[in-house]
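Letter by letter, the chains look like this.
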Amino acid sequence: MIPEIYSLSYWQQAIATYPERWRPLVLTNGCFDLLHLGHVRNLQMAKSWGRSLIVGLNSDSSIQTIKPPLAAHLPPRPIFPEQQRAEMLAALKSVDGVVIFSDPTAIGLIEVLQPEIYVKGGDYQLENLIEASAVQAYGGKIKFVPIDIAISTTKIINRILGND
């Protein structure tokens, strides 16, 4: 069971009750399986575009559906369970809140929270961003954080395994 502080209903109520504290709201999302410098820089930039930053965190079950196994002999991802990943993200200075979600996309989060700005990394493009139409439906903006360091969780894992 997801602790209330990481539930969508908690953040929906908090934002509705005190919009002046939260808006303009920035939302980003991801797995954040192994927190690395690319994640930290992405979150810092995202936060700079609004008053508050909420991070949608893929649940363990959603990661298992969207991330293929790295190798047959390895356990499935995520490496860290959702509760630990949520606490690590929430501890970052740039993050104001974390929502754990089980859907394969962030469309549900976007439709409920309606952030003024939705942020993804520069490895995405508007044309292939599944969430784009949900953001555009209510007039939100989409921003991409340029990638200035070529790092990813998969690359880190492969380097540890000697597969690089």
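Cut-offs applied
All chains use their own residue numbering, which begins from 1 and follows the written sequence. It should be noted that, the model being predicted, local features are given only for residues of pLDDT at least 70 and side-chain atom pairs only at 80 or more, the latter also being counted only at that level, while totals for whole chains, interfaces and linings use all residues. Side-chain numbers here rest on the full set of heavy atoms in the structure, without hydrogens or water. We count a stretch as a helix when DSSP gives it H or I for four or more residues in a row; a strand needs E for two or more, and each element gets its number in order from the N terminus. A 1.4 Å probe rolled over the protein chains alone gives each residue an accessible area, and that area as a share of the maximum for its type sets the label: buried under 20%, exposed over 50%, partly exposed in between. Charge assignment: positive for Lys and Arg, negative for Asp and Glu; neither His nor the chain ends contribute. Should a side-chain nitrogen of Lys or Arg be within 4 Å of a carboxyl oxygen of Asp or Glu, the pair is scored as a salt bridge. It only takes one pair of heavy atoms within 4.5 Å for two residues to be counted as in contact. Whether two aromatic rings pair depends on their centres lying within 6.5 Å, for rings of Phe, Tyr and Trp, where Trp uses its six-membered ring; planes under 30 degrees apart make the pair stacked, over 60 edge-to-face, and the rest tilted. Note: two strands are recorded as paired if DSSP finds a minimum of 2 bridges between them. Here an angle of 0 to 180 degrees is reported between the N-to-C directions of two axes, which are lines fitted to C-alpha atoms, with helices fitted over the stretch in contact. Put simply, buried Ala, Val, Leu, Ile, Met, Phe, Trp, Tyr and Cys residues joined by side-chain atoms within 4.5 Å make one nonpolar core.

### Some words on the side chain of Glu-131
Okay, step 1: Locating Glu-131 in the fold gives a position in the loop between strand S4 (117–121) and helix H7 (132–137).
Okay, step 2: No salt bridge is formed by the buried Glu-131, whose closest oppositely charged neighbour, Lys-120, lies at an N-O distance of 5.5 Å.
Okay, step 3: Discounting residues that sit within four places of it in the chain, Glu-131 has contacts with Asn-29, Thr-105, Ala-106, Ile-107, Ile-110 and Tyr-118.

### Some thoughts on the packing of aromatic side chains
Okay, step 1: Summed over the entire model, instances satisfying the criterion amount to 2 aromatic pairs.
Okay, step 2: Between Tyr-10 and Trp-11, the ring centres sit 5.0 Å apart and the planes meet at 80 degrees, which makes this aromatic pair edge-to-face.
Okay, step 3: Owing to a relative accessible area of 29%, Tyr-10 belongs among the partly exposed residues under this scheme.
Okay, step 4: Judged by its relative accessible area of 5%, Trp-11 is buried.
Okay, step 5: Judged by centre distance (5.1 Å) and plane angle (85 degrees), the rings of Trp-11 and Trp-22 are edge-to-face.

### Considering the side chain of His-39
Okay, step 1: Mapped onto the secondary structure, His-39 falls in helix H3 (residues 37–48).
Okay, step 2: Aside from chain neighbours lying at most four places away, what touches His-39 is Phe-32, Leu-34 and Thr-153.

### Section: unusual backbone geometry
Excluding glycine, a negative phi dihedral is what most residues carry, and trans is how most peptide bonds are arranged.
Okay, step 1: With an omega of 5 degrees, the peptide bond running from Arg-23 to Pro-24 counts as cis.
Okay, step 2: The topology assignment puts Pro-24 in the loop between helix H2 (19–22) and strand S1 (25–30).
Okay, step 3: The phi angle at Phe-32 is positive, at roughly 50 degrees, despite the residue not being glycine.
Okay, step 4: Its location among the elements puts Phe-32 in the loop between S1 and H3.
Okay, step 5: Taking relative accessible area as the criterion, Phe-32 reaches 7% and is therefore assigned buried.
Okay, step 6: Although it is not a glycine, Gln-114 sits at a positive phi angle of roughly 45 degrees.
Okay, step 7: By the secondary structure assignment, Gln-114 is in the loop between helix H6 (107–113) and S4.
Okay, step 8: For Gln-114, a relative accessible area of 38% gives the class partly exposed.

### Describing the sheet that holds strand S3 (residues 97–101)
Okay, step 1: Pairing is parallel in the open sheet, where 5 strands are placed in the order S3-S2-S1-S4-S5. With partners counted over all chains shown, the strands left at the sheet margins are S3 and strand S5 (141–145), one partner each. With direction set aside, neighbouring strand axes in the sheet form an average angle of 25 degrees.
Okay, step 2: The pairing of strand S2 (residues 52–58) with S3 spans 5 bridges and is classified as parallel. What sits directly across from Ile-54, in S3, is Gly-97.
Okay, step 3: With respect to the sheet, helix H1 (residues 8–17) is in contact with S1, S2 and S3, its orientation differing from that of S3 by roughly 140 degrees.
Okay, step 4: On top of the sheet, H3 reaches S1, S2, S4 and S5; it is set at about 140 degrees to S2, its chief contact.

### Some words on the nonpolar core
Okay, step 1: Within the largest apolar cluster, 19 residues are counted, with the highest numbers of intra-cluster contacts made by Trp-11, Leu-27, Ile-54, Ile-110, Leu-113 and Tyr-118.
Okay, step 2: Contributions of two or more residues to this core are made by H1, S1, S3, H6 and H7.
Okay, step 3: Ignoring any residue separated from it by four or fewer positions in sequence, one finds Trp-11 in contact with Ile-5, Tyr-6, Trp-22, Ile-54, Asp-96, Gly-97, Val-98, Val-99 and Leu-113.
Okay, step 4: Of all hydrophobic cores here, the second largest spans 16 residues; its members include Phe-32, Leu-53, Val-119 and Val-145.

Remember, this is a structural readout, not a statement about activity or role.
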